[in-house]
Structures are given as C-alpha cells and as structure tokens.
Amino acid sequence: MAQRKISDKSAAARKQAGANDLWGGRFAAGPAAIMMEINASIGFDKRLYAQDIAGSKAHCRMLVAQGLITPKEGKAILKGLDQIRGEIEAGNFRIDPALEDIHMHVETRLKELIGNAAGRLHTARSRNDQVATDFRLWVRAAIDRVDAGLADLQRRLLARAAEHADTVMPGFTHLQAAQPVTLGHHLLAYVEMFGRDRGRFQDARRRLNESPLGAAALAGTSLPIDRTMTATELGFDAPMANSLDAVSDRDFALEFLSAAATCAVHLSRFAEEIVIWCSAQFRFITLSDAFTTGSSIMPQKRNPDAAELVRGKVGRIIGAQNALLITLKGLPLAYGKDMQEDKEPTFDAADSLELCIAASAGMVSDFTANKPLLAQSAGEGYTTATDLADWCVRKLDMPFRNAHHVAGSLVKLAESQGKPLEALSLAEMQSVEKRISQDVFAVLGVQNSVKSRVSYGGTAPQNVRRQIARWQKRLAKEMP
C-alpha cells in the first residue's frame, strides 16, 4: 500500500502513543526495537483490512442497538470506518510498523478522524476475538474464490472432454501402456477429483461459519451484547458457543489448508501428465507460446514451464499445512502470540492455490491433442489383450485365469512376429485355443476396445457423453 502522512506526530510520539493508548496504563515505555520487529504483523495482516472494517461496523451497530454507545457515536464510527476503507483502497493509507497490526492501524486512524469516540468501538471486544473473526471471514472468502476457480476448471475440462469423447489414447498403469481409453474419459477423471476437492472446501466452509465476535479476550463479557446480531450481519450461521474455543480455534484454517493440499496434489498430477505428454518422447499434446518458454541456449526447446510451476508450488501449500499444525500442536487455551504465525502460511497457500488453478484452467483450454499419435500409441504394447481375455470368458465360458493364460500366449506369439494382436490370423489364434472363432476380431483394435467398455464409469464414448451431460447439468445449477 502507498503511504501518506496522516498525523503531525513524530515517529517517536506515535510509538509512545501506540504503546500507551492502545495497550493501556500498564506500560510506561515503548517496546525495544527488536520487540517491535518480531511483534509486528502489519506487513502481512494488512490483507485483513476489509474483514476488520466489516467486523468493526457490525460490532458498532450492535453496540448502538444495545444502548452501549449512542447513535451519534455510532454514526461517527461508521463514517470514519468507511473513510478508512476508502483510503486503504485508494492507496492513501500510511503503514506504521510501530502500530503492530491492521487492528491498531484502523483504530489509530479512526481516533484521528473522529476523536475519543473511536475508543467506544472496542467496548466488549478484544483483539483476540477481533482477529479470530477477521481471519475466519478471510478464509471463508478464500474458499469461495477457490470454489469458483475449480468450477471454472471443471467446465473447461468438460468442454475438452466433449471434444475428445471419441479420441482414443493409451491408458497407463506403472506408466506402461495398459488398455485403450479415450482422452475425454481421462479428462473426466480430473473433473471428478476437483469435484471432491470442492466438496472438501464446502464442508470446511460450513464448519467455519460461526462467529467468534463477542467472545472478547477469552471469557466473554459482562456487558449486554447481542452476538447473534453481529453473527447474522457478517453472514455467519451462529455465534460460537464457547468463548475459549472462539478465540483459540484455528481448525478452520487447518481444514482449509488440508483441502488446499489435497487439491494441489491433484493439480500437480495433472501438471505432471502435461509435462510428460508435451515431451518429445510422447508428443501427445502441444501447448502454445502462452504457456511455454524457450531456452537461453537451446533454440529448439519449448518448455512446459506453467505446468512445472504448478507442480512445484505444491510443496509450499503442503508446507503451509505442516507449519500451522506444528505451530498449534503445543498451545494451551486460549490465545498465544504464536497464533500470529497462522496467517502468513495460509495467505501464501491460498495465493499459490488460486494461481495454480488459474494456470491449469488456461492450459486445459490451450492444449492441442495429437490425435493420430494418440491413436497409434493406444494400440502399442498389446493394450487389447484384456479384451481378448474377456472375449474368451464371454464366448467360450472360460475361467478368467485360463483366459488370461490364452491371451498371454497369443501376445507372446504376436510379439515374436513383431505384429499386433489383430494381425494374427485365425489359424494362428486357434493354434493356442482351438475354440477361438472369427468373432474375436470384433473386440480387437483400440476403437473396438473402447466402445466395448460400457460398464458404469467405463471409457466407452457413450458413457463419456453421459457423464459430461451429468456434470454440465450439475454445474449449470450453480450458475446465477
């Protein structure tokens, strides 16, 4: 944020005011420089300004409604808070590390604007319940942004899946060609993964949506406040039922980070496939210049850097979850300053996740599939051997283990002659199993293979189209 002069006070005077006016009469002198350095959180918690002002406005209205401050004081406070938000968003708000955090900054500026009435705002409120409320509001908004980003990613995947419902490609196990699938089916797998991710975020949102405001420092307050009123105004379902829990709980951040880590792993798996598919050894897809970079020394290179960076940022997100777990593991109730360390990893993880989602969505829309090579690769490695075994089970009433042995023997025969299974003659097949008939050729070949996989969840193009329609209908219900 840009800085501007908001007071005629000297820096020393501001520091002294910060120590005495906001901490109270217990402290006669300001903190040592190193204490200021380790104690200040304004460098990162300034991101909470909108939530801090929203919470303060709700608290102010409640205090007026309960007769704890006058309507005139309330009006002045609300007007001052609106002005502060305008200054921050215009880049005209001065940041002073001596004021520690966003809460002190807002309160100090409010006092400059409206005088002693600003001190009424902190009635029945502590920074403990204030920051817990602000942080919950921030995480809730982050969840909503992530959910919207994942929904957009799903829609893009569905559009490409529809385009490639019939595009055959090799399906892999152990990164070895296993059975033919369609590219549409492969993309739908990620639609399902990101659907589960969205469910985890939505579950976390439901649980976090209770208000700590009014819990004060840890024990509640003797003043006649209305916590339900502030909870409702801030969009919470209810106030939290235990004041100790309200100020000390960070489960909501842990759940967000846990869901973020799982989602990031899914994004990383997709990114890894893009990296592999773009390689000269695979050439399954290409990305445009928008999502690739060149080499400073090798002019032929087109590097899938966007995918690699998505893959790389997962470590930061998983690390954020671990960092917060370690911070919280030894803390007794209720609030400890250690909990100031909850925000930086959460902010960083949210930023990284949102960026990875956006980059992944861009790559989904950008890539071009090499259909001929995908089809060719789908048939390499005798990927229809299981279709042959299934045919033996279905047509010859053969136990699957016997059918597996027959198919394996025919693969060995075809391999010895350097040709695909469907190129074997009927006589050659009957040399292994005399009951095999001409009908077997209807299941061999990659196109026949994918068309036959009609079991629910299978790769048959008709299944793919049904699943696309199901997801499109589901996502359409979410549109405003």
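Just so it is clear, the model here is predicted, and its values are computed rather than measured. (Residues numbered from 1 in each chain as written. Predicted model: local features only at pLDDT ≥ 70, side-chain atom pairs only at ≥ 80, totals over all residues. Heavy atoms only, no water.)

Enquirer: Would you explain the environment of His59 in this entry?
Expert: Relative to the assigned elements, His59 resides in helix α4 (residues 49-65). On the basis of relative accessibility, which here comes to 1%, the residue His59 falls in the buried class. Sequence separation of His59 and Leu121 is 62 residues, and the distance between their C-alpha atoms is 7.5 Å. Each residue touching His59, except ones within four places of it in the same chain, is listed here: Leu121, Thr123, Ala124, Arg125, Leu213 and Thr230. Polar contacts involving the side chain of His59 include one to the main-chain carbonyl oxygen of Thr123, which spans 2.6 Å. (Helix = DSSP H or I, 4+ residues; strand = E, 2+ residues; numbered from the N terminus. Buried < 20%, exposed > 50% of the residue type's maximum accessible area, 1.4 Å probe, protein only. Contact = heavy atoms within 4.5 Å. Polar contact = N/O pair within 3.5 Å; in protein donor to acceptor, adjacent residues only side chain to side chain.)

Enquirer: It is not clear to me how a nonpolar patch on the surface should be interpreted in this structure. Could you clarify?
Expert: On the surface, a nonpolar cluster with roughly 340 Å² of combined accessible area is contributed by Ile34, Met35 and Ile38. Along the chain, Ile38 turns up in helix α2 (residues 33-39). (Patch = residues over 30% accessible without salt bridge, like charges linked within 9 Å, V, L, I, M, F, W, Y side chains within 5 Å. Areas by Shrake-Rupley, 256 points an atom, 1.4 Å probe, with all protein chains shown as cover. Salt bridge = Lys/Arg side-chain N within 4 Å of Asp/Glu carboxyl O.)

Enquirer: It is not clear to me how the confidence of the model for the protein chain should be interpreted in this structure. Could you clarify?
Expert: Per-chain confidence: the protein chain averages 91 in pLDDT, with 92% of residues scoring 70 or above. For the stretch residues 1-20, pLDDT sits under 50, and the model shows 42 contacts to residues farther than four places along the chain or on other chains. (pLDDT = per-residue confidence, 0-100.)

Enquirer: Honestly, the nonpolar core in this entry has me stumped. Any pointers?
Expert: Soluble globular proteins tend to bury their nonpolar side chains together. Judged by nonpolar contacts, the single largest core of 94 residues is most densely connected at Leu157, Phe201, Leu267 and Leu353. The biggest single contributor to this core is helix α11 (residues 251-278), with 17 residues. Discounting chain neighbours no more than four positions away, the residues touching Phe201 are Ile143, Val146, Leu150, Phe256, Ala259, Ala260, Cys263 and Leu353. The next biggest cluster of nonpolar side chains, apart from the first, holds 22 residues, and it includes Ala385, Leu388, Leu396 and Val443. (Core = buried A, V, L, I, M, F, W, Y, C linked by side-chain atoms within 4.5 Å.)

Enquirer: Would you take a moment to explain a negative patch on the surface for this structure?
Expert: Together, Glu210, Asp237, Asp245 and Asp251 give the surface a local cluster of negative charge. By the secondary structure assignment, Asp245 is in helix α10 (residues 243-248). (Lys, Arg positive; Asp, Glu negative; His and termini not counted. Charge placed at Lys NZ, Arg CZ, Asp CG, Glu CD.)

Enquirer: Could you clarify how one ought to interpret the environment of Thr108 in this entry?
Expert: Turning to its location among the elements, Thr108 is positioned in helix α6 (residues 102-114). Residues Thr108 and Ala118, ten residues apart in the sequence, show an inter-C-alpha distance of 8.4 Å. Among the polar contacts made by the side chain of Thr108, one reaches the main-chain carbonyl oxygen of Met104 at a distance of 2.8 Å.

Enquirer: How do you make sense of the packing of helix α7 (residues 127-163) against α11 when you look at a structure like this?
Expert: When two helices pack together, their arrangement is given by the angle between the helix axes and the distance between those axes. Running from N to C, α7 and α11 cross one another at 25°; their axes reach a closest spacing of 11 Å. Classified by the angle between their axes, α7 and α11 sit roughly parallel to one another. Once α7 is placed against α11, the crossing between them reads as left-handed. Between α7, through Ala132, Phe135, Arg136, Val139, Ala142, Ile143, Leu150, Leu153 and Leu157, and α11, the contact on the second element is made entirely by Phe252, Ala253, Phe256, Cys263, Leu267 and Phe270. A per-class count over the contact of α7 with α11 returns 14 nonpolar, no polar and one charged. (Axes fitted to C-alpha atoms, helices over the stretch in contact; angles between N-to-C directions. Parallel < 35°, antiparallel > 145°, perpendicular 65-115°, else oblique. Left-handed = near helix turned anticlockwise from the far one by under 90°. Nonpolar A, V, L, I, M, F, W, Y, C, P; charged D, E, K, R; others polar.)

Enquirer: What am I meant to see in the pairing of strand β1 (residues 168-173) here?
Expert: Moving residue by residue along a regular strand, the side chains alternate between the two faces of the sheet. Bridge count between β1 and strand β2 (residues 176-182): six bridges; the pairing is antiparallel. In the strand pairing of β2, Gly171 is matched with Gln179. Hairpin connection, β1 to β2: the antiparallel pair is bridged by two residues, and His174 has positive phi, about 60°. (Pairing = 2+ DSSP bridges.)

Enquirer: Would you take a moment to explain the pattern of salt bridges for this structure?
Expert: Think of it this way: side chains of opposite charge can pair up when their charged atoms draw near. Evaluation of the coordinates by the stated rule reveals 31 salt bridges. One salt bridge in this structure joins Glu89 and Arg85, with 2.7 Å as the shortest N-O distance. Residue Glu89 and its partner Arg85 are both found in helix α5 (residues 71-89); the two are separated by four residues, about one turn of the helix. Glu89 gets classed as partly exposed once you look at its relative accessible area, which sits at 46%. Residue classification places Arg85 among the partly exposed positions, given a relative accessible area of 33%. Connected through shared salt-bridge partners, Glu100, Asp101, Arg127 and Lys337 make up one network.

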